[in-house]
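Tertiary structure, described
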Amino acid sequence: MDSRTRKILFAVIESYIGIAAPVGSRYISKRYGFGISSATIRNTMSDLEELGFLSQPYASSGRIPTGRAYRFFVESLLECGMSQNNNLLSMLSDKATDTKVCLDDFLAVISRLMSDCSHYMGVVLSRTTESSILRKIEFHTYKENMIVAILLTEYGVVRHMIVESSGRLTQNDMNEISRYLNKEYAGSTLREIKRALIEDMAEQRQKCDTLKEKAKSLCKSVFSSINADIFISGMSELINLPDFDDIQKIKELSKAIDDKGVMINLLDKILQSEGVQVFVGNDPLLDAKALSLVASTFYEKGRPFGVLGLIGPQRMDYANAISIVSTSANFLSKQLEYI
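Here we summarise the structure given alongside this text. (Residues numbered from 1 in each chain as written. Predicted model: local features only at pLDDT ≥ 70, side-chain atom pairs only at ≥ 80, totals over all residues. Heavy atoms only, no water.)

1. Description of the packing of helix α5 (residues 86-96) against helix α15 (residues 318-336)
Here α5 crosses α15 at 30°, and the two axes come no closer than 10 Å. Classified by the angle their axes make, α5 and α15 are roughly parallel. The way α5 lies across α15 gives a crossing that is right-handed. Every residue of α15 that contacts α5 at Leu88, Leu89, Leu92, Ser93 and Ala96 is listed here: Ile324, Thr327, Ser328, Phe331 and Gln335. Each residue belonging to the contact of α5 with α15 can be placed in one class, and the counts come to six nonpolar, four polar and no charged. (Axes fitted to C-alpha atoms, helices over the stretch in contact; angles between N-to-C directions. Helix = DSSP H or I, 4+ residues; strand = E, 2+ residues; numbered from the N terminus. Parallel < 35°, antiparallel > 145°, perpendicular 65-115°, else oblique. Left-handed = near helix turned anticlockwise from the far one by under 90°. Contact = heavy atoms within 4.5 Å. Nonpolar A, V, L, I, M, F, W, Y, C, P; charged D, E, K, R; others polar.)

Structure follows, in structure tokens:
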């Protein structure tokens, strides 16, 4: 693509992002000039349509960008590098100094601040539970065949779960089980413990210690219920955009967002990727709802810890979204170095 064609394409994309309406050659000529006639711009836009970068909703209307155009535009933005969002950075710094805010609360705050700064939907997928290192686990009798499990992780996060026991166990049994599991697994991540338990329980071997087997069985029940946490903010920001101007679109969007499993699977694709990732026109869930996702992994002492991002219409302000996501991910990664 030559320089002039590229400039005209980017002008159409930026204009459509701003006005949310098909863009005509006269509009581009008046706003950008480029020192060329409206007829030349119109011919170039027609060529871009043939190449699959623009489309025309109806005869005699202006053009709108396609998914291919957005991807080309985003690649250019990522190659140039994005500036830091200083306004967001200031707000994040203020929140980080609040000692009363725990990690989960802070992740929820980040999703809200990203939404406030972009007017899109902010999402944060935290693998804090699975990635956390077990410090201590306790079991307490609750009701008949029911047990309360209390997990304390390295982040000071305490989780209470009620699980069913396969056999009747006294509190003395519970104390013995707790001592055994703490000796066996303290210092391991919860994900590592889950994997070890699954592999160990699958082995066909003679049971040498009844209480030990009960401990592993009970622990497996607890850890099988541990999943990722996801924080979502700004649904109202999203549905107020002109891209979602009818009730059916809003219902479909709300249903897709409410399915946390789908959201987690979508964000999980990014967990092992470095830098900001942009999904536009190339994901079945997003394409069906004409959505885009700008997201990035954040890290805890060098290891992937979670994913944060913005979900918005394909007519997204990608430059601003990339800046917000990059700033948030970098800030959070630095904060997690000191936990």
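2. Structural notes on the pattern of salt bridges
One pass over the full model with this rule turns up five salt bridges. Ionic pairing is found between Arg112 and Asp116, a salt bridge with its closest N-O pair at 3.6 Å. With Arg112 and Asp116 both in helix α6 (residues 103-118) and four residues apart, this pair spans about one turn of that helix. Its relative accessible area of 38% is what places Asp116 among the partly exposed residues. (Salt bridge = Lys/Arg side-chain N within 4 Å of Asp/Glu carboxyl O. Buried < 20%, exposed > 50% of the residue type's maximum accessible area, 1.4 Å probe, protein only.)

3. Some remarks on the sheet that holds strand β10 (residues 303-313)
Strand order across the open sheet formed by five strands is β7-β3-β10-β9-β8, with antiparallel pairing between neighbours. Lying at the two open borders of the sheet, with one neighbouring strand each, are β7 (229-233) and β8 (276-280). Mean inter-strand twist for the sheet, computed between neighbouring axes without regard to direction, equals 15°. As judged from the six bridges shared by strand β3 (residues 121-126) and β10, these two strands associate in the antiparallel manner. Bridged to Met121 within β10 is Ile311. Against the sheet, α6 contacts β3, β7, β9 (291-300) and β10, and its axis sits at roughly 155° relative to β3. The strands that α15 touches are β8, β9 and β10; relative to β9, the one it contacts most, it runs at about 20°. (Pairing = 2+ DSSP bridges.)

Distances and angles like these do not, on their own, reveal function.
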